[in-house]
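Residues per chain, in single letters:
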Amino acid sequence: MKKDANNFVDWFRQASPYIHAHRGSTVVLAFGGEAVQDGNFPNLIHDIALLHSLGLRILLVHGTRPQIEERLELRGAGMQVINGMRVTDERALLCVKEAAGAVRVEIEALLSTGLANSPMAGAQIEVDSGNFVTAKPLGIIDGVDYLHTGEVRKINTKAIRQRLDAGAMVLISPLGYSPTGEVFNLNAADVAAAIATQLKADKLIFLTDSKLTDSRRRLIESLVPAEADALLARRKSLNEQLRRVLSNAACACRHGVGRAHILPRRQDGVLLSELFTRDGSGTLITPEQWETLREAAIDDVSGILELIRPLEEAGVLVRRSREYMETEIHRFTVIERDGTIIGCAALYPFPKEKMGELACLVIHPDYRNSGRGDQLLAFIQQRARSLNLRQLFVLTTRTAHWFRERGFSTTDIRHLPGKRKDLYNWQRNSRMLTYRL
């Protein structure tokens, strides 16, 4: 029991920076009608309520596809799909309206739950819906009249902001209305992206039926819009939902949305793990890379000291003071992931001997065996070559095997550059390994 309590305390402390960071942020969250039918949907609603209680300004956009299909089947009707777009005739539009109304009521009911001893106890969430989306018909494309299928024309962002400022959660169905009183069937992902873009939302989150994976079925952790475009062009086999979501996410990030997330909805607690842990649970799309390898700056000193402290305490690294780090920060290269330093290395050149010392190569325990050490080594090697150095050396007490596996050779200490030889700590008895550049 004590161990569980300690785990919770550790997790809560690690989550606290994200709690502070997300408070007051505007989040557009989109999910399909399949999520509403899922038996786990009440748990998802509980997590959404928790996000609301933590100060996130939440706007929900729900889909209705399975609910529409059920109603079409009951009426013996259908909905044509041409070029990936649905043709909404009069009978289909009636089913669209019924489905949207039913799903909206179900979500509002769950958000109104306040039973004692339940996750929603004392929540008292105000939910606002309305005609926030102005739409226009798709019209006739390649000779096909799409009738009551439409696309977003305008979002009433002023009205939405008023509801959010008042502390309400906003709920929007995939319907749009024209100034002439017509109703149009819209795609929920398109609606969510349009709202997030026009609101300049901090986050756009899509809950999908499947993860976005690479050709080896490994989760794609992050993309920038250009990479998303390349993936869409290369992977014709991506299902319709992921294609639409990925395209909208990339477009939104290009037009002012801070970040877009594509998350597997079936993973219990996926919203919490995505927003309150460093690595998340899905695919993150950002305007720029969220993990970068770069030269260190003075603001990185605290992050580097925190990263290397456990190894200093274990005697693996020589202790470095803050004053020393501030003086030598220009020697360092770092890997930064979502604002956290997860890797570092330093290069100390000895131009007279055409040698350079690779020092303080450290990767955060959570990211070891992921190739990041090799990335830092390659960067330092390239940096040494740019300084016209011919040899790289390292002094180590515990990791000689790692360097030998990467082409370093054990060398006698007497081959150290003169100045470095004077500073050699004979008590540590470090091994010297060299690499010819």
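Residues numbered from 1 in each chain as written. Predicted model: local features only at pLDDT ≥ 70, side-chain atom pairs only at ≥ 80, totals over all residues. Heavy atoms only, no water.

1. Things to note about helix α4 (residues 65-74)
Within α4, burial applies to Pro66, Gln67, Ile68, Arg71 and Leu72. Residues of α4 that are buried sit in contact with α2 (33-37) and α5 (90-111). Downstream of α4 by one or two residues, glycine 76 has phi in the positive range, about 65°. (Buried < 20%, exposed > 50% of the residue type's maximum accessible area, 1.4 Å probe, protein only. Helix = DSSP H or I, 4+ residues; strand = E, 2+ residues; numbered from the N terminus. Contact = heavy atoms within 4.5 Å.)

2. Overview of the environment of aspartate 279
In this structure, aspartate 279 sits in the loop between α10 (270-276) and β16 (283-285). Taking the C-alpha atoms as reference, aspartate 279 lies 8.8 Å from arginine 337; in sequence the two are 58 residues apart. Discounting chain neighbours no more than four positions away, the residues touching aspartate 279 are Trp290, Arg337 and Tyr367.

3. Section: the sheet that holds strand β17 (residues 291-295)
Read across the open sheet, the seven strands follow the order β17-β18-β19-β20-β21-β23-β22; overall the sheet is mixed. Each of the sheet's edge strands pairs with one partner strand only, and the pair in question is β17 and β22 (409-411). When the angles between neighbouring strand axes are averaged without regard to direction, this sheet yields 30°. Relative to strand β23 (residues 431-436), strand β21 (residues 391-396) is paired through six bridges, and the arrangement is antiparallel. Counterpart to phenylalanine 393 in the pairing with β23 is threonine 434. This element, helix α11 (residues 301-313), spans β18 (332-337), β19 (340-350) and β20 (355-363) of the sheet and lies at about 85° to β19. (Pairing = 2+ DSSP bridges. Axes fitted to C-alpha atoms, helices over the stretch in contact; angles between N-to-C directions.)

4. Quick notes on the sheet that holds strand β1 (residues 26-31)
Across the sheet, eight strands lie side by side as β5-β10-β2-β1-β13-β15-β16-β14; this open sheet has mixed pairing. The two strands at the open ends of the sheet, each matched to only one other strand, are β5 (127-128) and β14 (222-223). With two bridges connecting them, β5 and strand β10 (residues 169-172) associate as parallel partners. Paired with aspartate 128 across the bridge in β10 is valine 170. Each of β1, β2 (57-62), β5 and β10 touches α5; the most contacted strand, β2, lies at about 145° to it. Helix α7 (residues 188-199) rests against β1, β2, β10 and β13 (203-208) of the sheet, and its axis sits at about 155° to β2.

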